[in-house]
Amino acid sequence: MKYSKYSAIIIGSGIAGMYAALKLEQQTHLADGILLITKSKLGESNSRYAQGGMVGVLKENKKDSTSSHISDTIKAGAGLSELNTVKFISENSDKVIKDLLNFGVEFDRDENNNFTFTLEAAHSVRRVLHSGGDATGRMIEEALAKKVSENANIDIYEDTVAVELLVNMANECKGVIVFNDITQEYEVIYSSAVVLATGGIGQLYKYTTNPSGATGDGMALAYFAGAVMQDMEFVQFHPTALAIDGDENRFLISEAVRGEGAKLVDSDGIEFMHKYHEKRELAPRDIVTRANYNEMLSQKADNVYLNATCIDSDKLAKRFPNISKKCLENGIDISKDFIPVAPAAHYMMGGIKTNIEGETSIRGLYAIGEAASTGLHGGNRLASNSLLECVVCAYEVANFLKTKELNPPKQIDVCIKDIIEKYSDEIYLEEIDVTEMKKSLKNIMWQGAGIFRSEETLKNALDAVDNLKMNFHRTAKCISKSEYEFRNMLAVAEMVIISALRRRESRGAHFRTDYLQTDEKSRHSILTKTSLYDIKKSLNSERAEDSLYN
Ligand code: FAD
Ligand code: SIN
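Residues numbered from 1 in each chain as written. Chains lettered and ligands numbered in written order. Predicted model: local features only at pLDDT ≥ 70, side-chain atom pairs only at ≥ 80, totals over all residues. Heavy atoms only, no water.

Peer 1: What exactly am I supposed to notice about the sheet that holds strand β19 (residues 372-373) here?
Peer 2: The strand order across the open sheet formed by four strands is β19-β17-β12-β20, and the pairing between neighbours is mixed. Either end of the sheet is taken by a strand with one partner, and the two such strands are β19 and β20 (526-527). Examined bridge by bridge, strand β17 (residues 351-353) and β19 share two bridges and lie parallel to one another. Residue K353 lies in a different strand from β19, and its bridge partner there is S373. Together, β12 (229-230) and β17 form the strand contacts of helix α6 (residues 217-224), whose direction differs from that of β17 by roughly 45°. (Pairing = 2+ DSSP bridges. Helix = DSSP H or I, 4+ residues; strand = E, 2+ residues; numbered from the N terminus. Contact = heavy atoms within 4.5 Å. Axes fitted to C-alpha atoms, helices over the stretch in contact; angles between N-to-C directions.)

Here is the structure:
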């Protein structure tokens, strides 16, 4: 086992992680340096695939205002967004976007060098900045990755998976254990500031827009360490992923295509959104998703279609070059043909409960970006608010940490020694092939905890996850990155299912076919390792009683 120490460790190299590392380095000198850890190559992340753009409530956009953005975010959030968080993030949008420009990020501009804004669902004005047409995430990520790589004060570990947090008896995080996927070596890294920027959970579902690394690792690590988790039932499904047979990791057809005028049609070419919402294709995302899914179920079809042929073909090619190219590779000319689309798991509104500075319920442990739940998105995220939240919260965590004395710990208690022991070189394990188990889990979640859920589907899903857990039988040390990811996916699946079972109402992206109404009194859901254990115990005893009397 190797040992090292850093003043601050940032886990994850998406937009949140890289921007946090750069801001921290810019603002303060840290004697023991900054370490950025990523489980694949630098920049490989959900961030890289972002298309539509980033909300920019810019002072020069006279048609927009923070009050309008705040109101749109709250409306989309289905009554669960936190007003103070929404306000803070909206009011800091202008500042962080101007700051990103200093790091070499470019957004698309018109011939007069003014930013061009697009419209997305549930926004009342054009306020979404984009880059490279429909390659916003990649453009931002490449600019930040360049700066991070050039920065001598930021060390980078690639192909390195964070596998367990070192939390002591006083509930303080003192570092992390990592596993190098290439050398298969473990390393204990001490630090009194660990920032989780590990992204979302799309890979828990059969169909997803997320790349293969979105396995909820940071959420699982925080949960295993005892952190408070929030709103884990709120998984956002995007309505329009490209539905090509056999593809389960699905390419996104950006909401911005609907923002520019494209219409949804059924397999007979008939528009249907008027049946579901007055804003039709630009209704909040959860509503469009359920509409598409409903049409698919009632027509027994694998997809609906997006008709973009009404948009000028030159505009389509210029504004959506990657979408046009990807569709053409699949024999679809979007200026002439309808695009087959279907919903797919896209974004996690819940996560590790934090405040705006990224503080979690464990001292010294911070979370930002999609891994965190700040309360911004409530029950349903407004399009393009995620990238904005990533940068505002990365900025804030760096600001917060600069006020702290970041000395790696001098003493290690028995609790941490026990954690390290679990990963010792002496423990030998046989490799488990998790490919089929991962597939089963993705099917279970899609069927049981997907777009429509009920007590019955959720309980069946919980039993099926329990079965997988029994067959996998790993709780700490694993043998490969894939095993670690599966260990984490199982834990997150359990949290999603239990939280969805407990929320006996429909709200935003959480739609219960057995509780269709919204319960005005219900608020955020909170979960910890201990409370989940208690809930499962009482569920099991309820069932034992039922079987006794039936
Ligand atoms: P990510 O970008 O997902 O980065 C997570 C990082 O953590 C990765 O580098 C990963 O390798 C690393 N990691 C994970 N686990 C570990 C571990 N155990 N050890 C070490 N490293 C680890 N949002 C918008 O606002 N606008 C959009 O237009 C938009 N379009 C989208 C399009 C697509 C196809 C997708 C998938 C998402 C889109 N989103 C969009 C959502 C948005 O991209 C993400 O929510 C956001 O980029 C998350 O950033 P992040 O930095 O928190 O996490
Ligand atoms: C999209 O481009 O449709 C995705 C936007 C988002 O997820 O915010």
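Peer 1: Could you clarify how one ought to interpret the site of ligand 1 in this entry?
Peer 2: Taken together, 38 residues form the shell around ligand 1, and within it S47, G53, E370, S386 and L387 come nearest. Contact between ligand 1 and S47: an oxygen atom at 2.5 Å from a side-chain N or O atom of the residue. Calculation on ligand 1 without its partners gives an accessible area of 1000 Å², and the protein chains cover 97% of this total. Of all the elements in the fold, those that place two or more residues in the shell around ligand 1 are α1 (15-27), β8 (160-167), β16 (339-348) and α11 (385-401). (Near = heavy atom within 4 Å. Polar contact = N/O pair within 3.5 Å; in protein donor to acceptor, adjacent residues only side chain to side chain. Areas by Shrake-Rupley, 256 points an atom, 1.4 Å probe, with all protein chains shown as cover.)

Peer 1: Would you take a moment to explain the side chain of E505 for this structure?
Peer 2: Looking at the element boundaries, E505 is found in the loop between α15 (481-502) and β20. Looking at E505, the relative accessible area reads 1%, which means it is buried. A polar contact is formed between the side chain of E505 and the side chain of R503, at a distance of 2.6 Å. Separated by 2.5 Å, the side chains of E505 and S522 make a polar contact. Here E505 is in contact with H510, R512, Y515, Q517, T518, D519 and S522, once residues within four sequence places are set aside. (Buried < 20%, exposed > 50% of the residue type's maximum accessible area, 1.4 Å probe, protein only.)

Peer 1: Looking at this model, I keep getting lost on empty space enclosed by the protein. Mind explaining?
Peer 2: To find the voids left in a structure, one rolls a probe of water-molecule size over its atoms. A complete count under the given rule lists two cavities of 30 Å³ or more for this structure. When its volume is computed, the largest cavity comes out at roughly 60 Å³. Secondary structure elements with two or more residues in the lining of the largest cavity: β13 (235-242) and α8 (285-298). Here the lining of the largest cavity takes four residues from α8, the largest share from any one element. A breakdown of the residues in the lining of the largest cavity according to their chemical character gives three nonpolar, three polar and three charged. The space that makes up the second largest cavity amounts to roughly 40 Å³. The wall of the second largest cavity is formed by A76, A121, A122, E255, P284, R285, N380, R381, L382 and A383. Here the lining of the second largest cavity is built from residues that sort into six nonpolar, one polar and three charged. (1 Å grid on protein atoms, 1.4 Å probe; cavity = no way out; pocket = protein on both sides within 12 Å on 5 of 7 lines; lining within 4 Å. Points joined across faces, edges and corners; volume = space filled by probe spheres on them. Nonpolar A, V, L, I, M, F, W, Y, C, P; charged D, E, K, R; others polar.)

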